[in-house]
Amino acid sequence: MLALPALLALAALTVRPAVRADLGSVASLCVDCFVDLPFPALIYRPGAVDNWVAQLEERSARPDCALLVAEASNQLVGCIEVGLLPPPPLGKAARPSEGDEPYVANVAVVPEARGGGVATALLGEADALCREWGFDRAFCKVARANIPARRLYDLRGWQVCYLAGSDLYLCK
C-alpha cells in the first residue's frame, strides 16, 4: 500500500481509463470495499476477486460502460464505474427520462488515500464523461449508513431522489 511520502504525492494524481492490466487491482480494491466475506475471509477472498474481475471484464467490453482508475506514484489508489441504466423509479417520475441515464458505481479509494481528494477527482472525471456522452445528469446508489460517501456526494450537488430499504438513490 501507499506510504506517507506517496500520499503526499497525491497532488500528482492522475485519472485515466482502466486497461486490462488494472482489473485485478480494481477487483481487489472493490472486494475490500464492498464485499462482506464470510469467516475466514482469506479462504473466500481469492474467489471473490476472480468473480469481480470477470464482472469487470464483461462490463468493460460494453460501449455504454466505462471504468476509470486513479493513480498516485504509479499505484492504483481508486476507481469508479459509469454505465447507462434505467433511472430509479421516483427519480424517473420526478425527472422525465427518455431512456437510460448514467449510473455511477463502485467509487472506491484505498484506505491510505481517503480524504485526499481521490474520490472527488474520480467523480469529476465521471461528470466529464457523462457530459461527453451527452448527459447533464446521473444517478448512483449509496448505503444510508455510508456517511462519508453521502457527504462526498452532497458536497458535489447530488440529492436523494429515491429511498430503497437501506440504500439511497442519489441524482445530480
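As the structure is a prediction and not an experimental result, all values here were calculated from the model.

**Digging into the state of the cysteines**
Then step 1. In the structure shown here, the tally under the stated rule is 1 disulfide.
Then step 2. The side chain of Cys161 participates in a disulfide bridge whose partner is Cys171; the two sulfur atoms lie 2.1 Å from each other. When the S-S torsion is 55 degrees, as for the bridge of Cys161 with Cys171, the disulfide is right-handed. Of the two residues, Cys161 is situated in strand 6 (residues 159–164) and Cys171 in strand 7 (residues 167–171); the sequence distance between them amounts to 10 residues.
Then step 3. Classification of Cys161 as buried rests on a relative accessible area of 18%.
Then step 4. In this structure Cys140 is a free cysteine whose sulfur lies 7.9 Å from that of Cys171, the closest cysteine sulfur available.

**Quick notes on the sheet that holds strand 3 (residues 75–85)**
Then step 1. An order of 1-2-3-4-5-7-6 is seen for the 7 strands of this open sheet, with the pairing classed as mixed. Among the strands making up the open sheet, the edge pair consists of strand 1 (14–17) and strand 6. In this sheet, neighbouring strand axes are inclined to one another by 30 degrees on average, regardless of whether the strands run parallel or antiparallel.
Then step 2. Inspection of the sheet shows strand 2 (residues 65–72) paired to strand 3 by 8 bridges, in the antiparallel sense. Bridging from a neighbouring strand, Leu68 pairs with Ile80 of strand 3.
Then step 3. Of the strands in this sheet, strand 1, strand 2, strand 3 and strand 4 (101–109) touch helix 5 (residues 118–132), which is tilted by about 35 degrees from strand 3.
Then step 4. On top of the sheet, helix 6 (residues 147–155) reaches strand 4, strand 5 (139–143) and strand 7; it is set at about 150 degrees to strand 5, its chief contact.

**Regarding the pairing of strand 7**
Then step 1. Counting buried positions along strand 7 gives 4 out of 5 residues, so the element sits mostly inside the fold.
Then step 2. As defined by bridge partners, strand 5 adjoins strand 7 across 5 bridges and the pair is classed as antiparallel. Bridge pairing links Ala143 to Asp167 in strand 7.
Then step 3. Note that strand 6 and strand 7 share 5 bridges and pair antiparallel. Each residue of the ladder has a partner; that of Leu163, found in strand 7, is Leu168.
Then step 4. The loop that links strand 6 with its antiparallel partner strand 7 comprises 2 residues; one of these, Gly165, has a positive phi angle of about 60 degrees.

**So, helix 2 (residues 23–34)**
Then step 1. Its 12 residues give helix 2 an end-to-end C-alpha distance of 16 Å, which sits within 8% of 16 Å, the value for a rise of 1.5 Å per residue.
Then step 2. Buried residues of helix 2: Leu23, Val26, Ala27, Leu29, Cys30 and Val31, and no others.

**Points about helix 5**
Then step 1. Relative to the 21 Å expected for 15 residues at 1.5 Å per residue, helix 5 spans 21 Å between its end C-alpha atoms, a close match to the ideal helical length.
Then step 2. Within the sequence span of helix 5, burial applies to Val118, Ala119, Leu122, Leu123, Ala126, Asp127, Leu129 and Cys130.
Then step 3. On its buried face, helix 5 is in contact with strand 1, strand 2, strand 3, strand 4 and helix 6.
Then step 4. Remark: Gly134 follows helix 5 within two positions and exhibits a positive phi of approximately 95 degrees.

**Looking at the pattern of salt bridges**
Then step 1. Across all of its chains, the model carries 9 salt bridges by this definition.
Then step 2. In this structure, the salt-bridge partner of Arg16 is Asp22, at a minimum N-O distance of 2.7 Å.
Then step 3. Residue Arg16 is classed as partly exposed on the basis of its relative accessible area, which comes to 22%.
Then step 4. Arg59 is the partner of Glu81 in a salt bridge, and the nearest nitrogen-oxygen pair spans 2.7 Å. Of this pair, Glu81 sits in strand 3 while Arg59 sits in helix 3 (residues 41–60), and the two are 22 residues apart along the sequence.
Then step 5. A single network of salt bridges, built from pairs that share partners, joins Arg16, Asp22 and Glu71.

Parameters at a glance
- Residues numbered from 1 in each chain as written.
- Predicted model: local features only at pLDDT ≥ 70, side-chain atom pairs only at ≥ 80, totals over all residues.
- Heavy atoms only, no water.
- Disulfide = S-S within 2.5 Å.
- Helix = DSSP H or I, 4+ residues; strand = E, 2+ residues; numbered from the N terminus.
- Buried < 20%, exposed > 50% of the residue type's maximum accessible area, 1.4 Å probe, protein only.
- Pairing = 2+ DSSP bridges.
- Axes fitted to C-alpha atoms, helices over the stretch in contact; angles between N-to-C directions.
- Contact = heavy atoms within 4.5 Å.
- Expected span 1.5 Å × (residues − 1).
- Salt bridge = Lys/Arg side-chain N within 4 Å of Asp/Glu carboxyl O.

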